[in-house]
Amino acid sequence: MQSKLVCLRAARLAARHPCRRTFATATSTRNDHVRIVEVGPRDGLQNEKQSIPVATKIELVDRLAQTGLRTIEAGSFVAPKWVPQMANSSEILEYILRTTAQSPQPITYQWLLPNRKGLDNFLSVWESGSSSQQDAASAPSIELSIFTAATEAFTQKNTNCSVAESLHRFQPIMARAKELDLKVRAYISVALGCPYEGPNVDPHKVAELAVSLLEMGADEISVADTTGMGTAPRTAELLKTLTAAGVENNDLALHFHDTYGQALVNSIVGLEHGIRTFDSAVGGLGGCPFSPGATGNVATEDLVHCFHSLGLKTGVDMEKLSEVGEWISGELGRTNESRAGKATLAQIRKIV
Ligand SMILES: CC(C)(COP(=O)([O-])OP(=O)([O-])OC[C@H]1O[C@@H](n2cnc3c(N)ncnc32)[C@H](O)[C@@H]1OP(=O)([O-])[O-])[C@@H](O)C(=O)NCCC(=O)NCCSC(=O)C[C@@](C)(O)CC(=O)[O-]
């Protein structure tokens, strides 16, 4: 009954948006190319307890921009009393807007926001920064990220509202983004396990939400295993359910946390299903403040190493990336969680 409903909505979606843009079509139409969305500066840092100087955050973004990464989620416009670490995201956006891109490749910077207030705060910086730019051609590409979740309990903890209310809050964001021609990605958290409702999150619920978000105009859905509870069979089942609901692989990104050490295995399941966009954080930084016990995102270095070993292209320079992972781990006084990053550096240092 539920899957019938989802299929019906997918048919409506296809009819309504025959030419809808996707992120993936621009960058990863070739089957041997994988697009990495680096979420370290946002997802990676938001849970750090000590206050991180804005200069360090900016340096992280700048260093990542030198590695060949093309998409970086650089901060969020959420309530500072909920996530104090992200309170200076506007300064990072200001910096990005006033600095002519020095990176070897064009970079897209994404900004997470939950509601109208977040949008207004973002726009006040973006509009003044964009208008002062002399050369529109060299202006950085900017995109927005919105977020909801597959369970009511997590949505309440994360955004103090129901799932339905979270979608309602996105409407003005979506409308304004369309006027401004800004792309919007939408996260669905706890898609493979919820800290409050357990591991058996209904994949049909995730598919139904994905369809609703695409119908609202989202350009990409990032399906997030916030707790790292996802397993290979349940990842495969979720992806099949999304496909059956009419959600195309080009509409999807996968966002794995590595709490149970399953993130790479689940990424391979995603690859085999045909997904070509994956989120990760350098050095395995991260954790959601509203998912107790969840550890970091899958390390970008581990994902890149794995994809390269399979003959896939990411455009990322593994050595440069590994240096960034080691540097930021040192700055934060944490262990570098990337095994491939540490091994790469050990090799370089042996040779030099
Ligand atoms: C959604 C709210 C704002 C509701 O929070 P609320 O307290 O219900 O909101 P409110 O409307 O009652 O407002 C309370 C105060 O917050 C202010 N406020 C309200 N909105 C904003 C805003 N955007 N920016 C700045 N300030 C804001 C508002 O102005 C007011 O200020 P006061 O009058 O008390 O001085 C809050 O719950 C919130 O900010 N939650 C964000 C939580 C968050 O950032 N979680 C982590 C990101 S999601 C994630 O990590 C998962 C993901 C994406 O990585 C994927 C995955 O792995 O699952």
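Residues numbered from 1 in each chain as written. Predicted model: local features only at pLDDT ≥ 70, side-chain atom pairs only at ≥ 80, totals over all residues. Heavy atoms only, no water.

Per an unreviewed UniProt entry, the chain goes by hydroxymethylglutaryl-CoA lyase and derives from Pleomassaria siparia CBS 279.74. Checking UniProt for the chain, the heading Catalytic activity (unreviewed entry) contains the comment "(3S)-3-hydroxy-3-methylglutaryl-CoA = acetoacetate + acetyl-CoA". Within the UniProt record for the chain, the comment given under Sequence similarities (unreviewed entry) is "Belongs to the HMG-CoA lyase family." (UniProt positions renumbered as here; feature names shortened; annotations may be inferred.)

Chemist: Could you give an account of the site of the ligand, with specific residues and numbers?
Modeler: With respect to spatial proximity, 29 residues lie near the ligand, and among them Q46, N158, N160, S189 and T226 are the closest. Between the ligand and N160, the relevant distance is 2.7 Å, taken from an oxygen atom to a side-chain nitrogen or oxygen of the residue. Of the pockets mapped on this structure, the ligand occupies the largest pocket. Examining the composition of the shell around the ligand, we find that 3 residues originate from one element, helix α6 (residues 116-131), more than from any other. Here the shell around the ligand is built from residues that sort into 13 nonpolar, 11 polar and 5 charged. (Near = heavy atom within 4 Å. Polar contact = N/O pair within 3.5 Å; in protein donor to acceptor, adjacent residues only side chain to side chain. 1 Å grid on protein atoms, 1.4 Å probe; cavity = no way out; pocket = protein on both sides within 12 Å on 5 of 7 lines; lining within 4 Å. Sits in = over half its atoms within 2 Å of the grid points. Helix = DSSP H or I, 4+ residues; strand = E, 2+ residues; numbered from the N terminus. Nonpolar A, V, L, I, M, F, W, Y, C, P; charged D, E, K, R; others polar.)

Chemist: Give a description of the nonpolar core that names residues and reports values.
Modeler: With 95 residues, the main nonpolar core has Y109, W111, F122 and I221 as its most contacted residues. The element contributing the most residues to this core is helix α9 (residues 203-216), with 7 residues. (Core = buried A, V, L, I, M, F, W, Y, C linked by side-chain atoms within 4.5 Å. Buried < 20%, exposed > 50% of the residue type's maximum accessible area, 1.4 Å probe, protein only.)

Chemist: How would you summarise the sheet that holds strand β2 (residues 71-76) if you had to cite specific residues and measurements?
Modeler: In space, the 8 strands of this closed barrel follow the order β1-β2-β3-β4-β5-β6-β7-β8, with parallel pairing throughout. Each neighbouring strand pair of the sheet contributes to a mean axis angle of 25°, computed without reference to strand direction. With 2 bridges joining them, strand β7 (residues 252-256) and strand β8 (residues 277-280) adopt parallel strand pairing. Counterpart to H255 in the pairing with β8 is D279. With respect to the sheet, helix α8 (residues 163-180) is in contact with β4 (141-149) and β5 (184-189), its orientation differing from that of β4 by roughly 165°. (Pairing = 2+ DSSP bridges. Axes fitted to C-alpha atoms, helices over the stretch in contact; angles between N-to-C directions. Contact = heavy atoms within 4.5 Å.)

Chemist: A description of the packing of helix α13 (residues 318-332) against helix α14 (residues 339-351) should follow, citing residues and the corresponding values.
Modeler: Relative orientation of the contacting elements α13 and α14 amounts to 110°, with a least axis distance of 9 Å. When the axis of α13 is compared with that of α14, the two are roughly perpendicular. In this structure, the crossing between α13 and α14 has a hand that is left-handed. Only A340, G341, K342, T344, L345, I348 and R349 of α14 make contact with α13, whose side of the interface consists of M318, E319, S322, E323 and E326. Considering only residue class, the contact of α13 with α14 consists of 4 nonpolar, 3 polar and 5 charged. (Parallel < 35°, antiparallel > 145°, perpendicular 65-115°, else oblique. Left-handed = near helix turned anticlockwise from the far one by under 90°.)

Chemist: Summarise the packing of helix α10 (residues 232-244) against helix α11 (residues 263-273); cite the residues concerned and give the values.
Modeler: Packing of α10 against α11 leaves a shortest axis separation of 9 Å and a crossing angle of 30°. Put simply, α10 runs roughly parallel to α11. Both α10 and α11 take part in a crossing whose hand is right-handed. Only V265, N266, V269, G270 and H273 of α11 make contact with α10, whose side of the interface consists of A232, T235, A236, L239, K240 and T243. In terms of residue class, the contact of α10 with α11 is built from 5 nonpolar, 5 polar and 1 charged.

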